[in-house]
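# Coordinates in review
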Amino acid sequence: MDLAYTEAEEEFRARLRAWLATVLPALPAKPAPDDWPGRRAYDTAWQRMLYDAGYAGLHWPVDAGGQGATPTQHLIFLEETEKAGAPYVGANFVGLLHAGPTVAAEGTAEQRARWLPPVLRGDEIWCQGFSEPDAGSDLAALRTRAVRDGDHYVVSGSKIWTSHAEVADWCELLVRTDPAAPRHRGITWLAMRMDTPGVTVRPLRTLAGSTEFAEMFLDEVRVPVSHRVGAENDGWRVTMVTLSFERGTAFVGEVVACRRTLAALAARAQADGHWDDPVLRRRLGRLNAEFRALWRLTQWNVSEASGPGPDGRGKGASGTGGVPGTGGSVFKLRYSHARQELYETAAEVLGADAADLDREWVLDRLSSLSYTIAAGTSQIQRNIVAERILGLPKGR
């Protein structure tokens with residue numbers, strides 16, 4: 001892989017920087033963390049600005065409504081928007097980084113035409129209904145049941161940690177359609193409207209005080225069969241596509257953010273007199289190397305995913321046709337622990353007064369604790385690396 005930027009890529013970077021310098025100063029103030037209607041309006045307005053400027057779905061295929069940009073252009077976009085302090089995808093997270101790419105890779109032409117444009121414009125928000133109280137990391141143990149009734153599925157069960165359910169229009173929902181099948185079979189991927197009768201949402205408050213997750217209860221919810229992505233009982237394979245995006249590309253902007261945080265932490269340590277500590281300097285130096293390596297791994301993963309799959313579109317988490325491969329698990333595993341160590345180090349440098357002086361640092365520290373659980377626990381990622389990359393036998 002050639003890591004040098006071409007003249008055209010540098011021109012793209014310059015245009016993007018100029019646009020960001022023009023639009024960012026005019027943005028309104030961010031809403032309060034607990035103002036979810038306000039946050040939805042803020043996030044979707046930013047997404048519409050990206051859409052109007054030709055930056056929405058930059059790396060999505062043209063036939064999915066995207067710009068068909070190269071992986072390198074996509075990474076430049078993520079790098080420059082993060083450096084400039086542009087808004088994060090926020091409430092658009094699931095639609096843009098999970099459900100949308102999954103529909104683009106696995107959906108029918110009609111499904112792509114219906115669901116992808118509203119995601120790119122910021123018109124509709126998606127949430128993720130995968131985990132259940134007794135099926136978190138062991139996702140194959142899910143029990144939410146869907147029974148076929150003519151041209152509908154009747155869904156009953158419950159979900160937990162449903163991201164952005166409070167403000168979502170749609171949910172990417174995993175259900176069990178064949179309870180007699182083996183655990184990894186008999187699962188189906190559905191798109192469910194959140195205003196369907198029988199859907200109840202109860203927000204969950206996190207350690208940091210936010211409510212971006214919720215419990216969701218489903219009481220005989222009717223979902224059209226036409227809203228199924230992939231074949232009935234083939235949902236596990238479709239889910240692996242979704243999770244490969246979540247593990248492979250959804251965190252790439254955060255690597256840039258961590259590198260910026262690390263630089264700010266080093267400056268703080270120098271200003272506060274901590275820089276004389278050789279142990280701290282070695283730790284910061286190692287973290288710097290870690291995040292630089294993670295950025296290169298990101299470049300490799302995204303480049304690998306840009307190749308065509310056997311059918312020209314990429315099916316499954318094969319690392320082809322726009323679908324990230326198992327290298328995403330390597331990235332997610334390393335990134336989760338590096339982020340936690342970064343904020344552990346920040347807590348040491350900032351000291352006991354951090355809670356009063358640097359609220360954002362504290363919130364990021366609390367958030368970092370979840371990263372070894374979110375998007376698949378570190379134990380799950382180690383299993384994937386062991387079995388699918390190293391070829392080791394499955395444990396018993």
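Each remark here, short or long, concerns the structure printed above.
Quantities reported herein were computed from a predicted structural model and do not represent experimental measurements.

Another aspect to go through is the packing of helix 2 (residues 36-53) against helix 5 (residues 109-121). Each packed pair of helices is defined by two parameters, the angle between the axes and the distance between the axes. Where helix 2 meets helix 5, the closest approach of the two axes is 7 Å, and the angle between their N-to-C directions is 100°. If you check the angle between helix 2 and helix 5, you find them roughly perpendicular. For the pair helix 2 and helix 5, contact is made by Thr44, Gln47, Arg48 and Tyr51 and by Val119, Leu120 and Arg121, respectively. The residue inventory of the contact of helix 2 with helix 5, partitioned by class, reads three nonpolar, two polar and two charged.

Summarising burial for strand 5 (residues 187-193): six of the seven residues are buried, a large majority. When strand 4 (residues 170-176) meets strand 5, the two strands line up antiparallel, connected through seven bridges. Considered in strand 5, the bridge of Val175 is made with Thr188. Bridge count between strand 5 and strand 8 (residues 228-229): two bridges; the pairing is antiparallel. Across the sheet, Trp189 pairs through a bridge with Val229, a residue of strand 8.

Of all hydrophobic cores here, the largest spans 66 residues; its most connected members are Trp126, Trp189 and Phe291. Core analysis: the next-biggest nonpolar cluster, separate from the first, contains 23 residues, Ala146, Val155, Val199 and Leu218 among them.

With that settled, consider the pattern of salt bridges. The full count for this structure, using the stated rule, is 21 salt bridges. Asp169 is the salt-bridge partner of Arg40, the closest N and O atoms lying 2.9 Å from each other. Within this pair, whereas Arg40 is found in helix 2, its partner Asp169 is found in the loop between strand 3 (152-159) and strand 4, the two being separated by 129 residues in sequence. Residues participating in the shared-partner salt-bridge network are Glu10, Arg13, Arg17, Glu79, Glu80 and Lys83.

For the rest of this paragraph, the subject is helix 2. The terminal C-alpha atoms of helix 2 lie 26 Å apart, and with 18 residues this matches the ideal 26 Å at 1.5 Å per residue to within 8%. Taken residue by residue, helix 2 has Trp36, Gly38, Arg40, Tyr42, Asp43, Thr44, Trp46, Gln47 and Leu50 as its buried positions. Immediately beyond the C-terminal end of helix 2, within one or two residues, lies Gly54, with a positive phi of roughly 85°.

Conventions adopted
- Residues numbered from 1 in each chain as written.
- Predicted model: local features only at pLDDT ≥ 70, side-chain atom pairs only at ≥ 80, totals over all residues.
- Heavy atoms only, no water.
- Axes fitted to C-alpha atoms, helices over the stretch in contact; angles between N-to-C directions.
- Helix = DSSP H or I, 4+ residues; strand = E, 2+ residues; numbered from the N terminus.
- Parallel < 35°, antiparallel > 145°, perpendicular 65-115°, else oblique.
- Contact = heavy atoms within 4.5 Å.
- Nonpolar A, V, L, I, M, F, W, Y, C, P; charged D, E, K, R; others polar.
- Buried < 20%, exposed > 50% of the residue type's maximum accessible area, 1.4 Å probe, protein only.
- Pairing = 2+ DSSP bridges.
- Core = buried A, V, L, I, M, F, W, Y, C linked by side-chain atoms within 4.5 Å.
- Salt bridge = Lys/Arg side-chain N within 4 Å of Asp/Glu carboxyl O.
- Expected span 1.5 Å × (residues − 1).

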